[in-house]
Amino acid sequence: MTQNISLTRYLVEQQRVDGLIPSQLRLLLEVVARSCKSISHAVNKGALGGVLGAAESENVQGEIQKKLDIIANEVLIEANEWGGHLAAMASEEMEDIYVVPNRYPQGEYLLLFDPLDGSSNIDVNVSIGTIFSVLKKPDGDAAVGEADFLQAGQHQVAAGYCVYGPQTTLVLTVGNGVAMFTLDREQGSFVLTQENVQIPPDTQEFAINMSNMRHWDTPVQRYVADCLQGADGPRGKDFNMRWIASMVADVHRILTRGGVFLYPWDKREPGKPGKLRLMYEANPMGWLIEQAGGAATTGTQRILDLTPSKLHERVSVILGSKNEVAHIGSYFSKL
Ligand code: P6P
C-alpha cells in the first residue's frame, strides 16, 4: 500500500506536479469528498437513523425516491453551493439544473451527480454509491443554463464515485489515471490506497441483468449465449456472472479485477436508448474505465464521443475490459 497519503495531499501534488488541478477544481473535489463522507455516515446508520424506506415523492425519472436519495442530494447541494467554485449543478434527483444562488459567488465549473446510485439496494444493505462528473462552464457572460451542460463526456475535467460498501472508497480521475482512496474513519479522511489502476484487457466475467434476456437485441443475446456455452462453446472458456444492480459496485469490481458490465437497449421501452443516464452515470464511469485502460461503448459508439441533447438523456452501456468490449462490438458489426 502507498504511504499514508491523504486525498488533500494527493490533489495538491497533482496540482503542483502536473498542473492538472487548478485550485478551484481541487477545492471542488475536496468538497465533493467531504459530502461523500457525510452521505456514508447517513447510509451507515441505516434503520438506526430512520433513513431507510421510500420518501413520498418521485424523481425526474418517475422513480419513487428513497429517503436517502433526497438526503444525499441535499448534502451535495448544500456543501457545494457557497464555495465559489461552481456555476451550477445537475442531479438525477432534480428535473432542472440548480444555479448557484446570487448570494454566493459563481465559479467556472459545472457539477453533475447521481447522489445515491443503486438506491433499490439501500433497504437490503447492499453496496450503493455516489457518482459525480465535472465539466467546465463554456466561456461567455451569458447566464448559465442547461445548454452549458450538454457537452460530450470527453470534455469532463474530473469524474469519480464513492462506493458505500464494506469500505467507503472514493475513486477519482482528473485525466492522469485512476486513484482509489479508502475512508479512514479514525482519522476521518480519505487515504490513498491505490493509484494508476489498470483493468486486465481480457476477462471471464460479465455483469448483466439476465432476467431481461428475452428483451435484448440480437447482438447481446448472441454474445451472452456464446459465453454461457463455456469452454465447449465458441469462446473456448467458461464465464462467471455477477449482477449487483448497483452500477457503482459492479464498476468497482471491474476496476479492481476486470470484467464487463452491460445495460443495453431492450425492447421493453424501445423509444429509450437504454436505462442508464448518459451525463451522470455513463460519462463519469466511462471516463474512469478508459483512464484505467478499459473501454466504454454503446455497442457501436464510444460513449465519451456522444453529445447529449438533453440533461437526463439515457444511453446503452457496455464497459470494462478492453478486449472483451471490442469482442462484444463485433456482434453488433455482424448485423
Ligand atoms: P435493474 C440502479 O437503479 C441502476 O441505475 C444502476 O445502478 C444499476 O446497474 C441498474 O440501475 C440496475 O437495474 O434493472 O437490474 O434493477
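Small disclaimer: the values here were computed from a predicted structure and weren't measured.

Asks: Honestly, the overall build of the chain in this entry has me stumped. Any pointers?
Replies: A tally of helices and strands in the chain yields eight helices and 17 strands. Computed over C-alpha atoms, the radius of gyration of the chain comes to 19 Å, within 12% of the 20 Å expected from 2.2 N^0.38 for 335 residues, which places it in the range of a compact globule. For the C-alpha atoms alone, the extent of the chain along its principal axes is close to 65 × 45 × 45 Å. With 335 residues in all, the chain has 55% of them scored as buried. Here the chain contributes 29 positive and 39 negative side-chain charges, whose respective centroids are spaced 3 Å apart.

Asks: Would you take a moment to explain helix H8 (residues 322–333) for this structure?
Replies: Note that an α-helix has 3.6 residues per turn; residues three or four places apart therefore point the same way. Compared with an ideal rise of 1.5 Å per residue, which puts 12 residues at 16 Å, H8 spans 17 Å between its outermost C-alpha atoms and is within 8% of the ideal. Among all positions in H8, only Glu324, Val325, Ile328, Gly329, Tyr331 and Phe332 are buried. Buried residues of H8 fall within an arc of 145° about the axis and therefore sit on the same side. Every exposed residue of H8 that faces more than 90 degrees away from the buried side is listed here: Ala326 and Ser333. Buried positions along H8 lie against helix H5 (218–228), strand S13 (260–263), strand S15 (295–297) and strand S17 (317–320).

Asks: How should the domain arrangement of the chain be read in this particular structure?
Replies: Interface size is often expressed as the accessible area that is lost when the parts come together. Assigned domains of the chain: these are domain 1 (7–194) and domain 2 (205–333). Placing a centre on the C-alpha atoms of domain 1 and another on those of domain 2 gives a separation of 24 Å. Listed by partner, the interface residues are 49 residues for domain 1 and 32 residues for domain 2. Summed over both partners, the interface of domain 1 with domain 2 buries about 2,900 Å², with 63% contributed by carbon and sulfur atoms.

Asks: I keep staring at the sheet that holds S15 and nothing clicks. Help me out?
Replies: The strands that make up a sheet are held in pairs by hydrogen bonds between backbone atoms, and each pair lies either parallel or antiparallel. Judged by pairing direction, the sheet is mixed, and its five strands sit side by side in the order S12-S11-S13-S17-S15 without closing on themselves. With partners counted over all chains shown, the strands left at the sheet margins are strand S12 (240–242) and S15, one partner each. Strand-to-strand twist of the sheet, defined as the mean angle between neighbouring strand axes without regard to direction, takes the value 15°. Bridging between strand S11 (residues 205–207) and S13 involves two bridges; their strand directions are parallel. When the bridges of S13 are listed, Ala207 appears paired with Phe261. Sheet strands in contact with helix H6 (residues 247–257) are S11, S12, S13 and S17, and its direction is about 35° off that of S17. In the packing of H8 onto the sheet, contacts are made with S13, S15 and S17, and the angle to S17 comes to roughly 150°.

Asks: Help me out: how do you make sense of the packing of aromatic side chains in this one?
Replies: The description of two aromatic rings rests on the distance between their centres and on the angle between their planes. Following the criterion strictly, the structure yields five aromatic pairs and no others. Judged by centre distance (5.7 Å) and plane angle (80°), the rings of Tyr223 and Tyr331 are edge-to-face. Of the two residues, Tyr223 is situated in helix H5 and Tyr331 in helix H8; the sequence distance between them amounts to 108 residues. According to the relative accessible area criterion, Tyr223 is buried, its value standing at 0%. Sitting above the plane of the Tyr331 ring, Lys334 keeps its charged end 4.5 Å from the centroid.

Asks: Please clarify how the sheet that holds strand S8 (residues 168–173) should be interpreted in this entry.
Replies: Sheet architecture is open: eight strands sit in the order S4-S3-S5-S6-S7-S8-S9-S10, paired in mixed fashion. Because the sheet does not close on itself, it has two edges, and the strands there are strand S4 (98–99) and strand S10 (189–195). Two strands pair when backbone bridges link them, and strand S3 (residues 86–91) and S4 are joined in this way by two bridges, in the antiparallel orientation. Considered in S4, the bridge of Ala88 is made with Val99. Along the sheet, helix H2 (residues 23–45) contacts S3, strand S5 (109–117), strand S6 (128–136), strand S7 (158–164), S8, strand S9 (178–184) and S10; its crossing angle with S5, the most-contacted strand, is approximately 15°. Strands S3, S4, S5 and S6 of the sheet are contacted by helix H3 (residues 67–80), whose axis makes an angle of about 155° with S5.

Asks: Explain the site of the ligand to me, please; I cannot follow it from the model alone.
Replies: In the region of the ligand, 13 residues are neighbours, and Asp117, Asn209, Trp243, Met247 and Tyr263 sit closest. A distance of 2.9 Å is found between an oxygen atom of the ligand and a side-chain nitrogen or oxygen belonging to Trp243. For the ligand, whose free accessible area comes to 400 Å², the fraction covered by protein is 84%. Looking at the shell around the ligand, the elements that each hand over two or more residues are S13 and strand S14 (276–277). Grouping the amino acids of the shell around the ligand by side-chain chemistry returns six nonpolar, three polar and four charged.

Asks: So what exactly am I meant to see when it comes to the pattern of salt bridges here?
Replies: A side chain with one charge may pair with a side chain of the opposite charge, provided their charged atoms come close. Within the structure shown, the criterion is met by 13 salt bridges. Between Arg235 and Glu324 there is a salt bridge whose closest N-O contact spans 2.7 Å. Note that Arg235 is positioned in the loop between H5 and S12 and Glu324 in helix H8, a separation of 89 residues in sequence. Relative accessible area serves as the criterion here: at 2%, Glu324 is assigned to the buried category. Notably, a salt bridge pairs Arg302 with Glu290, separated by 2.7 Å at the nearest N-O pair. Taken together, the residues Arg302 in the loop between S15 and strand S16 (314–315) and Glu290 in helix H7 (residues 278–291) connect sequence positions 12 residues apart. A relative accessible area of 32% means that Arg302 is categorised as partly exposed.

Cut-off values and rules
Residue indices begin from 1 for each chain and proceed along its sequence in written order. Note on the predicted model: pLDDT of at least 70 is required for a residue's local features to be given, and 80 or more for side-chain atom pairs to be given and counted; whole-chain, interface and lining totals, by contrast, use all residues. With hydrogens and water set aside, each side-chain value is computed from the structure's full complement of heavy atoms. A run of H or I in DSSP counts as a helix once it spans at least four residues, and a run of E counts as a strand once it spans at least two, with each numbered from the N terminus. Atoms counted for the radius of gyration: C-alpha only. Globule rule: 2.2 Å times residue count to the power 0.38. The classification of residues rests on relative accessible area computed with a 1.4 Å probe and restricted to protein chains. Under 20% of the type maximum is buried, over 50% is exposed, and intermediate values are partly exposed. For the purpose of charge, His is not counted, nor are the chain termini; Lys and Arg are scored as positive and Asp and Glu as negative. Taken as the charge centre is NZ of Lys, CZ of Arg, CG of Asp or CD of Glu, depending on the residue. Helix span, expected: 1.5 Å multiplied by one less than the number of residues in the helix. For this quantity, the arc is that covered by the directions from the helix axis to the C-beta atoms. The contact definition used throughout considers only heavy atoms, calling two residues in contact when any of these lie within 4.5 Å. Residue ranges assigned to each domain were obtained from an automatic or database domain assignment. For any pair of parts, buried area is found by adding up, for both, the accessible area (1.4 Å probe) each one loses once the two are put together. DSSP calls a pair of strands paired once it identifies at least 2 bridges connecting them. Only the contacting stretch of a helix is used when fitting its axis, a line to C-alpha atoms as for every element, and angles between N-to-C directions run 0 to 180 degrees. Stacked, tilted and edge-to-face pairs are distinguished by plane angle, under 30 degrees for stacked and over 60 for edge-to-face with tilted covering the rest, among Phe, Tyr and Trp rings (Trp via its six-membered ring) whose centres lie within 6.5 Å. Remark: a charge is flagged as sitting over a ring if the NZ atom of Lys or the CZ atom of Arg is within 6 Å of the ring centre and within 35 degrees of the ring normal. The rule for a residue being near a molecule or strand is that one of its heavy atoms must lie within 4 Å of it. Any pair of N or O atoms that falls within 3.5 Å is considered a polar contact. Within protein, one atom must be able to donate a hydrogen and the other to accept it, and sequence-neighbouring residues count only if both atoms are side-chain atoms. Using the Shrake-Rupley algorithm and a 1.4 Å probe, accessible areas are obtained, with residue cover drawn only from the displayed protein chains. Residues are grouped as follows: nonpolar covers Ala, Val, Leu, Ile, Met, Phe, Trp, Tyr, Cys and Pro; charged covers Asp, Glu, Lys and Arg; every other residue, Gly included, is treated as polar. What counts as a salt bridge is simple: a side-chain nitrogen of Lys or Arg found within 4 Å of a carboxyl oxygen of Asp or Glu.

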